[in-house]
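# Per-entry structural report
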Amino acid sequence: MKEFFTRQKAEEGVSLPLQTPDGKDSEHKLTVRGVDSDVYRQAEFESKRKAAEIAQIEDLKDRYAAMRDEQRRLVAVLIIDWTFEAECTMENKIEFLTNAPQIEDVVNRFAGTRQAFFSKRSSSSTSGQKQK
């Protein structure tokens, strides 16, 4: 039965190497939790409640912006740590994802790929933030 358990590995997260926009490997990595983690599932629940509020926004541009912000916040919850010098705060994660939307897409897809949390190449990142 335990071979089907995904929650703990999803909570621990795994290292995701980042590529530059031109497809080259970079020195940077994110530690990403999976969609089966308790933290993500709670954030997803809260996001669904918030969606009801967002649906009440009459102006379509404002509604779209609010939906986009909420989606980005939900993806930011998936990021546990990173190798950038900046502290890995929610505010910094959202700013990063706003300015690097390709990374938002990569994180979102990666977190939903359960096999990534069990393959031999993936392991929990314990190194933490890059030292200055």
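Every value quoted in this text rests on a predicted model; they were computed, and no experiment measured them. (Residues numbered from 1 in each chain as written. Predicted model: local features only at pLDDT ≥ 70, side-chain atom pairs only at ≥ 80, totals over all residues. Heavy atoms only, no water.)

A separate point is the pairing of strand S2 (residues 25-32). Both strand S1 (residues 14-19) and S2 contribute to a ladder of five bridges, which runs antiparallel. Bridged to Pro 17 within S2 is Lys 29. Linking S1 back to S2 in an antiparallel pair, the connection comprises five residues, with Gly 23 at a positive phi of about 90 degrees. Note: S2 against strand S3 (residues 79-82), three bridges, orientation antiparallel. By the bridge assignment for S3, Val 32 is matched with Ile 79. (Pairing = 2+ DSSP bridges. Helix = DSSP H or I, 4+ residues; strand = E, 2+ residues; numbered from the N terminus.)

Another aspect to go through is the sheet that holds S3. The three strands are arranged S1-S2-S3 in an open sheet whose pairing can be described as antiparallel. Edge positions in the sheet fall to S1 and S3, since each has one partner strand and no second. Averaged over all pairs of adjacent strands, the angle between strand axes in this sheet comes to 35 degrees, irrespective of strand direction. (Axes fitted to C-alpha atoms, helices over the stretch in contact; angles between N-to-C directions.)

Looking now at the packing of aromatic side chains. All chains considered together, the criterion is met by four aromatic pairs. Taking the centre distance of 5.7 Å and the plane angle of 85 degrees together, the rings of Trp 82 and Phe 96 count as edge-to-face. With Trp 82 in strand S3 and Phe 96 in helix H4 (residues 90-99), the pair connects residues that are 14 residues apart, well separated along the chain. For Phe 96, a relative accessible area of 21% gives the class partly exposed. Three or more aromatic residues joined by ring pairs form one cluster here, namely Trp 82, Phe 84 and Phe 96. (Phe/Tyr/Trp six-rings, centres within 6.5 Å; stacked < 30°, edge-to-face > 60°. Buried < 20%, exposed > 50% of the residue type's maximum accessible area, 1.4 Å probe, protein only.)

So, on to the confidence of the model for the chain. Put simply, the chain has an average pLDDT of 90, and 90% of its residues get 70 or more. Taken together, the stretch residues 121-132 has pLDDT below 50 and engages in 26 contacts with residues farther than four places along the chain or on a different chain. (pLDDT = per-residue confidence, 0-100. Contact = heavy atoms within 4.5 Å.)

Below, the discussion takes up the nonpolar core. In this structure, Leu 30, Val 32, Ile 103, Val 107 and Phe 110 are the most contacted members of the largest nonpolar core, which totals 25 residues. Mapped by element, the contributors of at least two residues to this core are S1, S2, helix H2 (38-54), helix H3 (60-78), S3 and helix H5 (101-111). Here this core takes five residues from H3, the largest share from any one element. Excluding its chain neighbours within four sequence positions, the residues that come into contact with Val 32 are Gly 13, Val 14, Leu 16, Leu 78, Ile 80, Val 107, Phe 110, Ala 111 and Phe 117. (Core = buried A, V, L, I, M, F, W, Y, C linked by side-chain atoms within 4.5 Å.)

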